[in-house]
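Here is how the chains run, residue by residue.
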Amino acid sequence: MNLNEIAAELVAGCREDRAKENLEKLYAEDAVSVEAQDFMDMGRETHGRDAIRGKHEWWEGAHEVSGASVSDPMPHGEDRFAVIFEVRGKVKETGEAFDMKEVGVYHVADGKIVREEFFY
C-alpha cells in the first residue's frame, strides 16, 4: 500500500470502529506509538504492534465514548500524514466527562506505519 492508501484506510477504520483490526494490516510489527504525556505510569512510548493493540484495549476499557470524529488525512511529503481526532466521553472509573482534540502524525516506511505521534 502507498501512503495515501494507508492514510485512507486508517481514517476509514477509525470511522467504522475497526481501528484494532487495522493494526495487523497497516502497522509494522515493530511500530512505535508516542503519546504527548505519560498516562497511568505506562510511559510515553509503546513499542511493537502487540503493545499498541494493548494500548487500544486499555483506552476502550477505561473510557466510554459518546461521540467522535476523524478528519480526512493530510499528507506531508511521501512518508507522513496527519489526522485530527475529536472525542467526547467520560472516564469509566470516575464518571468525569471529557472533550478531547488531538492530532495524530503517522510515519510510513515500506508500506506500513512505523511510528505514530499524538499531540493534544
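One numbering rule holds for all chains: residues counted from 1, following each sequence as written. Only residues with pLDDT of at least 70 get local features here, since the model is predicted, and only at 80 or more are side-chain atom pairs given and counted; chain-wide, interface and lining totals rely on the full set of residues. To get the side-chain values, take all heavy atoms of the structure and skip hydrogens and water.

Caption draft 1: Here's a closer look at the packing of helix α1 (residues 3–15) against helix α2 (residues 19–26). Every axis in this analysis is a line fitted to C-alpha atoms, fitted for helices over the stretch in contact. Angles between the N-to-C directions lie between 0 and 180 degrees. Here a strand is any run of E in DSSP of at least two residues, a helix any run of H or I of at least four, and the numbering for each starts at the N terminus. Viewed as axis vectors pointing N to C, α1 and α2 meet at an angle of 160 degrees, and their least axial separation amounts to 8 Å. With respect to their mutual orientation, α1 and α2 come out roughly antiparallel. Note on packing geometry: the crossing formed by α1 with α2 is right-handed. For the pair α1 and α2, the contacting residues are Ile6, Glu9, Leu10, Gly13 and Cys14 in the first and Ala19, Asn22, Lys25 and Leu26 in the second. Any residue outside Ala, Val, Leu, Ile, Met, Phe, Trp, Tyr, Cys, Pro, Asp, Glu, Lys and Arg is labelled polar, Gly included; the first ten of those are nonpolar and the last four are charged. Partitioned by chemical class, the residues of the contact of α1 with α2 number five nonpolar, two polar and two charged. Angle categories: roughly parallel below 35 degrees, roughly antiparallel above 145, roughly perpendicular from 65 to 115, and oblique for all the rest. Handedness of a crossing is defined here by the sense of rotation of the near helix relative to the far one, left-handed for an anticlockwise turn of less than a right angle and right-handed for a clockwise turn. Here, residues are in contact when the closest pair of their heavy atoms is within 4.5 Å.

Caption draft 2: Examining the environment of lysine 101 more closely. With respect to the element layout, lysine 101 can be found in strand β6 (residues 97–109). In this scheme, a residue with accessible area under 20% of its type's maximum is buried, one over 50% is exposed, and one in between is partly exposed, where area comes from a 1.4 Å probe on protein chains only. For lysine 101, a relative accessible area of 55% puts it in the exposed group. For the pair lysine 101 and tyrosine 120, spaced 19 residues apart in sequence, the C-alpha separation works out to 6.3 Å. With near-sequence residues (within four places) excluded, lysine 101 lies in contact with Ile84, Phe85, Glu86, Phe119 and Tyr120.

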